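Examining the three-dimensional arrangement
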Amino acid sequence: MSLLDLTIRNVKRNFRLYTIYLFSMITGVIIQFTFSSLMYNEDIMEALQNRDNFQTGVAIASVVVFIFIIFFILYANSFFMRQRKKEFGMYLLYGLSERQITVMVFYETLFISAISLVTGVLLGGLLSKLFGMLLMNLMQYDQVISLSFPVEAMLSTAGLFFLLALIISVQSYIMVNRVQLTELFHAKQRSEKPVRVSAVMAIFSLLLLGMAFALISSGKGSAFWQDYATWSMIAVTIGIIGGTYLFFRQFAGWLLQALSRHKSYHEGNTVLWTSSLRFQIRGNTLNLTFISLFSAAIMMLMCFMTINYKVQFDAVGRNLPNHIAFQSLEQATNAKIDDLIKSSKHEITFHLTHEGLVASPVTDMHMAVDNPEYYTSDILLVSQRTYNELIAKRGHKQSVKLQGNEAVTLSQGSDFPKRYAPGEQSSFTVRTDSETTFKLTEKKDYAYLGWASDPEDSMIKKPAVFVISDAAYQDLSGHADTKSFEIYGIGDARNAEELSKQVHAIVTQTPGAYYSSFADVYSKQIEGSSLMLFASGFLALIAIFALASVIYFKQLREATDERQQYSILRKIGVDNRQMKNVIRKQLLFVFFPPLVLGVLHSWFIIKYYILDSVQGFPGLTGMVWGIMGVYFLIYLLFYVSSTNIYYKIVNEND
């Protein structure tokens, strides 16, 4: 019998064992082919405004997804190899060499990969239309997506999975070469011992977790993060990872030990489900720690990307609040631009010509704005009347009322906007032809002019703007240089890229002239955030599937190892209902703590480092809890499925 014949027989005989392996490979092909086909779909390319950025993003996402698939498949393969040690031992006894066994495994991998490629490409091609429509919907584009099977996508997917087959073969050779014959026949016979636990280490695990949560909840504005950011980050990392590990290694063991000493321990079925868990702690600690941290990472990824996507629609308008705005030029040039806008398909809703005074800061700009490096070196002083006129045109409730030497600084994007109470107002000095000191009544997260933009390079820098009282503006007039700006509101500003390019070309003929357009950034931001959400959704899908597989493999191994113990329970009179009850309690103790810690880790980080930075955007907290709720339901499905699998395995005949 040749190796090829032996391979075919092995695949047929172990098909049940290979089912999840095959399913994972097919899933990987579908996702890899989907990402690849997006780059070559002509309908999608036609709809996009930034094709090069999109193709680069899809290529990067494809690499990340494929690397993740490699690690997952290698984990699955190592499990299968351990399950087949006795089989390989027989081959070695019959005279096969390690190289021949590796070749046989390579044939098996090629066979599985071929089935996966054909099935995955067919399903991926059928689903690519749905995925393309979903992507267009996220980008809010009305584009019909046709069904396609790009040859380039099929070739790249096939090449990548052939590479994966080679990597798996190398891993298989290493594992077969390291195993001794005596180990092969006793691969599943392991005697676990209970972990030595102490109340001190159990409490220490809670202290580590508490320290991490306390540092996170102190917020970015606390002294811990402002003055000791590096040390705080190290402490949080140690607290989360170390605390989670010790929680399962020591606290869980201590809790089980405490239960075993309780006077009601031998009542009911407590002794049945706790005794097994005490012996499994040593082997399960890393698994449970991984599940907790991995769950937190999945939830944080989806929450962050979804928040980023939701925020972008409003954020572009906050960063570039004017549909078209530019520094006033010569009268003939201004008239030329005005005619150009009027002759376009975009209706003019308003046109204002505003003037401001140019001053230079004397006080440190950090007092007025966050991240001064993003602002121009000069300050534009705008009167209260002028500012409120533009706010009324926008329909925003951001008007100000000032008197005397009061001023409001516009620090758009600030994480710490603040309204100063009387007596707490900071002094800020500017210089025109002389020095003038203002009292800052508010640091407002709002923009009057917004970022200077470019159709190619997006946002560049933004003007630093102070709103001052009409009286103060009148007093400074004639003592400072002035700048005028043309500000337009237009219809369908989202699709004004072509108009923006034409206006920008005229304005930039004057070196250093300010220009800003909402359309320059909108398509880039929305397409970019949509692609990131789309890619992270697929990555989260693979991650959840990988997590489910890890749990499945773990339960399969433990249930197989404990089949004899459950057989004894049946012989001493434990019925099926009691056995199911024991399994549910045993697995609940394994499933519930990782879920709780995963939710806590992700919620604290999302709440204090993401949600607190975007408080002005409604509905985000509910959306975060919705994502966590969906994850909880998926995890609950894992639990129910695992209990059923566990029960079926322990009831199988030996």
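Owing to the predicted nature of the structure, the values given are computational and were not obtained by experimental measurement. (Residues numbered from 1 in each chain as written. Predicted model: local features only at pLDDT ≥ 70, side-chain atom pairs only at ≥ 80, totals over all residues. Heavy atoms only, no water.)

Describing the packing of helix α9 (residues 199-217) against helix α19 (residues 576-609)
- For the pair α9 and α19, the least separation of the axes is 9 Å and the interaxial angle reads 20°. The orientation of α9 relative to α19 falls into the category roughly parallel. Of the two possible hands of crossing, α9 and α19 adopt the one that is left-handed. Residues L209, F213, L215, I216 and S217 of α9 touch α19, and the partners they reach there are L597, L600, H601, F604, I605, Y608 and Y609.
- Its residues placed into classes, the contact of α9 with α19 shows ten nonpolar, two polar and no charged. (Axes fitted to C-alpha atoms, helices over the stretch in contact; angles between N-to-C directions. Helix = DSSP H or I, 4+ residues; strand = E, 2+ residues; numbered from the N terminus. Parallel < 35°, antiparallel > 145°, perpendicular 65-115°, else oblique. Left-handed = near helix turned anticlockwise from the far one by under 90°. Contact = heavy atoms within 4.5 Å. Nonpolar A, V, L, I, M, F, W, Y, C, P; charged D, E, K, R; others polar.)

Details of unusual backbone geometry
- In this structure, N371 is a non-glycine residue whose phi angle is positive, near 55°.
- Locating N371 in the fold gives a position in the loop between β2 (348-361) and β3 (375-383).
- The phi dihedral of D492 is positive, around 50°, even though this residue is not glycine.
- Inspection of the secondary structure assignment puts D492 in the loop between β11 (482-490) and α16 (497-507).

Some thoughts on the pattern of salt bridges
- Under the defined criterion, the tally for this structure stands at six salt bridges.
- K342 is the salt-bridge partner of D338, the closest N and O atoms lying 3.0 Å from each other. Within this pair, D338 and its partner K342 are both found in helix α13 (residues 331-343), separated by four residues, close to a single helical turn.
- In this structure D338 comes out as buried when scored by relative accessible area, which is 13%.
- One salt bridge connects R431 with E435, and the closest N-O pair in it is separated by 3.0 Å.
- When salt bridges that share partners are traced, they join R419, E442 and K444 into one network. (Salt bridge = Lys/Arg side-chain N within 4 Å of Asp/Glu carboxyl O. Buried < 20%, exposed > 50% of the residue type's maximum accessible area, 1.4 Å probe, protein only.)

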